[in-house]
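Residues per chain, in single letters:
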Amino acid sequence: QVQLVESGGGLVHAGGSLRLSCAVSGQIYSINTMGWYRQAPGNQRELVATITSSGTIVYADSVKGRFTISKDNAKNTVYLQMNSLKPEDTAVYSCKLVSRSSYIVVPDVYWGQGTQVTVSS
C-alpha cells in the first residue's frame, strides 16, 4: 500500500530556513501530482506548492519567491525548501499525492501524517 512520510519540520526564528521531505513508498501511477499543504490552528488546510509528473509547478502567492518544491524520482521523494520563513508560515505541513491511470479518470489520493513547522518572531 502507498504511504507518505514527511520529515524535516522544526522550530526556527523568523528569516530562517527548513527543508521538508516527503518519501513515498509503494506502487503509484506515473501520472501524478505531489504537493505540500499546510494547516494552522483554526484555519483551513491550504495549498503551499504542487509539482506534477510533467514538471508543472504551482505555488501559493504567499510563498512565491521564498519556497521551492522539487522532487527526486529515483528516490521517490518530494522536497520543500523553505527560506525567509515568517511566523505566519507556522503550521502543520502535509504531503499529498494524487495518482491515476491514463485509463481511469478517478485518481487515488494519499496524505502523509504531517510535520510541524514553527517560526518564532
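Look up a bit, the structure's there.
Notes on the structure in this doc start here.

Cut-offs and rules
- Residues numbered from 1 in each chain as written.
- Predicted model: local features only at pLDDT ≥ 70, side-chain atom pairs only at ≥ 80, totals over all residues.
- Heavy atoms only, no water.
- Core = buried A, V, L, I, M, F, W, Y, C linked by side-chain atoms within 4.5 Å.
- Buried < 20%, exposed > 50% of the residue type's maximum accessible area, 1.4 Å probe, protein only.
- Helix = DSSP H or I, 4+ residues; strand = E, 2+ residues; numbered from the N terminus.
- 1 Å grid on protein atoms, 1.4 Å probe; cavity = no way out; pocket = protein on both sides within 12 Å on 5 of 7 lines; lining within 4 Å.
- Points joined across faces, edges and corners; volume = space filled by probe spheres on them.
- Nonpolar A, V, L, I, M, F, W, Y, C, P; charged D, E, K, R; others polar.
- Contact = heavy atoms within 4.5 Å.
- Salt bridge = Lys/Arg side-chain N within 4 Å of Asp/Glu carboxyl O.
- Phe/Tyr/Trp six-rings, centres within 6.5 Å; stacked < 30°, edge-to-face > 60°.
- Lys NZ or Arg CZ within 6 Å of the ring centre and 35° of its normal.

### Concerning the nonpolar core
By size, the foremost hydrophobic cluster in this structure holds 26 residues, and its most contacted members are Trp36, Val48, Phe67, Val78, Leu80, Met82 and Tyr93. Going through the elements one at a time, strand E3 (18–25), strand E4 (31–39), strand E5 (46–52), strand E7 (67–72), strand E8 (77–82), strand E9 (91–100) and strand E11 (115–120) are the ones with two or more residues in this core.

### So, the layout of surface pockets
Taken as a whole, the largest pocket spans an internal volume of roughly 230 Å³. Lining the largest pocket are 14 residues, with Ile28, Asn32, Met34, Asn73 and Asn76 positioned closest to its centre. Secondary-structure elements contributing two or more residues to the lining of the largest pocket are E4 and E7. Here the residues of the lining of the largest pocket are counted per class, giving four nonpolar, eight polar and two charged.

### Focus: the environment of Arg45
Tracing the sequence through the fold places Arg45 in the loop between E4 and E5. Its relative accessible area of 44% is what places Arg45 among the partly exposed residues. A sequence separation of 47 residues divides Arg45 from Val92, and the C-alpha atoms of the two residues are 9.1 Å apart. The residues touching Arg45, leaving out its near neighbours within four places in the chain, are Tyr37, Arg38, Gln39 and Trp111.

### Section: the pattern of salt bridges
Scanning the model with the defined rule gives four salt bridges in all. Residue Arg38 pairs with Glu46 through a salt bridge whose shortest N-O separation is 2.8 Å. Close ionic contact of Lys64 with Asp61 constitutes a salt bridge, the shortest N to O distance being 3.0 Å. Note on Lys64: relative accessible area 49%, which makes it partly exposed. By relative accessible area, which is 64% here, Asp61 ends up exposed. Via salt bridges that share partners, Arg38, Glu46, Arg66 and Asp89 belong to a single interconnected network.

### With respect to the packing of aromatic side chains
For the structure on display, the rule yields one aromatic pair. With a centroid separation of 5.2 Å and an interplanar angle of 65 degrees, the aromatic rings of Tyr37 and Trp111 are classed as edge-to-face. On the criterion of sequence distance, the pair formed by Tyr37 in strand E4 and Trp111 in strand E10 (residues 108–111) is long-range, its members being 74 residues apart. Look at Tyr37 and you get buried, because its relative accessible area is 15%. Given the relative accessible area of 31%, Trp111 is considered partly exposed. We note Arg45 situated over the ring of Trp111; from NZ or CZ to the ring centre the distance is 3.6 Å.

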